[in-house]
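# A look at the structure
Here's the letter readout for the chains.
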Amino acid sequence: MCWECDHPESSHQDYLDHMQGLIDRFGWAVVGVEDDGIHPPLAYTLGLTPRGRPELVVTGLPPQHATWLLDAVASYVLDTAVPRPGESVQVEGGPSMEVVRVAEPSAHLFAAVEFYGPGIRALQLAWADDRGHWPWDAGFRGHAGGQPVLGLRTASRTGWPEACSTG
């Protein structure tokens, strides 16, 4: 259920205030957009933009898994480095991922646009399925509806020197 659905007595401004509180407390928040039966789920960070970093996006994963991945990579991005499109990313205990620059962040990251304006930048963490297939490969197995890739894939580069640690 979405936050506003879980809090029907609250206003949209209450939701924005709640998200700002999370950003103030943790450095960022994760916005989840549930599967609607047509589109697979989507999750993204909110709060990296004011720190000079792009927001991060994951599509096609259940909310808890997406939040876990985004939290691990956001922490790494703030403390260490921003991955470049085409780089591979590995979170300890998570799937292999490749970074894709999101072509039109304002088409998907509505809360981020509300907070920071339409010029936001975003990177997608595209993930490989349990057989190592990517969403652009034939035979990719993922969530019903697949894993939409929100930009053009860049030629692969080498990955990060170490895996992002989750603890």
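Being a predicted model, the structure only gives us computed values, none of them experimental.

All chains considered together, the criterion is met by 3 salt bridges. Arg 84 is paired through a salt bridge with Glu 87; the nearest N and O atoms lie 3.4 Å apart. Residue classification places Glu 87 among the buried residues on the basis of a relative accessible area of 9%. For Arg 141, the salt bridge goes to Asp 130, with nearest N and O atoms at 3.0 Å.

Right, let's get into a negative patch on the surface. A cluster of acidic residues, Asp 6, Glu 34, Asp 35 and Asp 36, forms a negative patch at the surface. Inspection of the secondary structure puts Glu 34 in the loop between β1 (29–33) and β2 (42–46). The exposure class assigned to Glu 34 is partly exposed, which follows from its relative accessible area of 41%.

Take the sheet that holds strand β4 (residues 88–90) next. Here we have 6 strands laid out as an open sheet, ordered β1-β2-β3-β6-β5-β4, and mixed in their pairing. Every other strand in the sheet has two partners, leaving β1 and β4 as the edge strands with one partner each. Recorded for the sheet is a direction-independent mean angle of 30 degrees between the axes of neighbouring strands. Of the pairings in the sheet, the one linking strand β3 (residues 55–59) to strand β6 (residues 122–127) comprises 3 bridges and is parallel in character. By the bridge assignment for β6, Val 57 is matched with Gln 124. Strand contacts of helix α2 (residues 12–26): β1 and β2, with the helix running at about 135 degrees to β1, the strand carrying the most contacts.

Before going further, it helps to spend a moment on the packing of aromatic side chains. Going through the model one piece at a time under the given rule, you end up with 3 aromatic pairs. When the centroid spacing of 5.4 Å and the interplanar angle of 55 degrees are considered together, the rings of Trp 127 and Phe 140 count as tilted. Of the two residues, Trp 127 sits in strand β6 while Phe 140 sits in the segment after β6, which places them 13 residues apart along the sequence. Given a relative accessible area of 18%, Phe 140 falls into the buried group. Each ring, one from Trp 134 and one from Trp 136, has its centre 5.6 Å from the other, and the planes form 5 degrees; the classification is stacked. For Trp 134, a relative accessible area of 17% gives the class buried.

This next bit is on the nonpolar core. Counting 22 residues, the largest nonpolar core has Leu 56, Val 58, Val 73, Met 97 and Leu 125 as its most contacted members. With 8 residues, helix α3 (residues 63–79) is the largest single contributor of residues to this core. In this structure, Ile 23, Tyr 44, Leu 46 and Leu 109 belong to the second largest nonpolar core, which totals 17 residues.

Before going further, it helps to spend a moment on α3. The terminal C-alpha atoms of α3 lie 24 Å apart, and with 17 residues this matches the ideal 24 Å at 1.5 Å per residue to within 8%. Among the residues making up α3, those that are buried are Ala 66, Leu 69, Leu 70, Ala 72, Val 73, Ala 74, Tyr 76, Val 77 and Leu 78. Tucked into the core, α3 has its buried residues touching β1, β2, β3, β4, β5 (96–101) and β6.

So, how was this worked out
- Residues numbered from 1 in each chain as written.
- Predicted model: local features only at pLDDT ≥ 70, side-chain atom pairs only at ≥ 80, totals over all residues.
- Heavy atoms only, no water.
- Salt bridge = Lys/Arg side-chain N within 4 Å of Asp/Glu carboxyl O.
- Buried < 20%, exposed > 50% of the residue type's maximum accessible area, 1.4 Å probe, protein only.
- Patch = residues over 30% accessible without salt bridge, like charges linked within 9 Å, V, L, I, M, F, W, Y side chains within 5 Å.
- Areas by Shrake-Rupley, 256 points an atom, 1.4 Å probe, with all protein chains shown as cover.
- Lys, Arg positive; Asp, Glu negative; His and termini not counted.
- Charge placed at Lys NZ, Arg CZ, Asp CG, Glu CD.
- Helix = DSSP H or I, 4+ residues; strand = E, 2+ residues; numbered from the N terminus.
- Pairing = 2+ DSSP bridges.
- Axes fitted to C-alpha atoms, helices over the stretch in contact; angles between N-to-C directions.
- Contact = heavy atoms within 4.5 Å.
- Phe/Tyr/Trp six-rings, centres within 6.5 Å; stacked < 30°, edge-to-face > 60°.
- Core = buried A, V, L, I, M, F, W, Y, C linked by side-chain atoms within 4.5 Å.
- Expected span 1.5 Å × (residues − 1).

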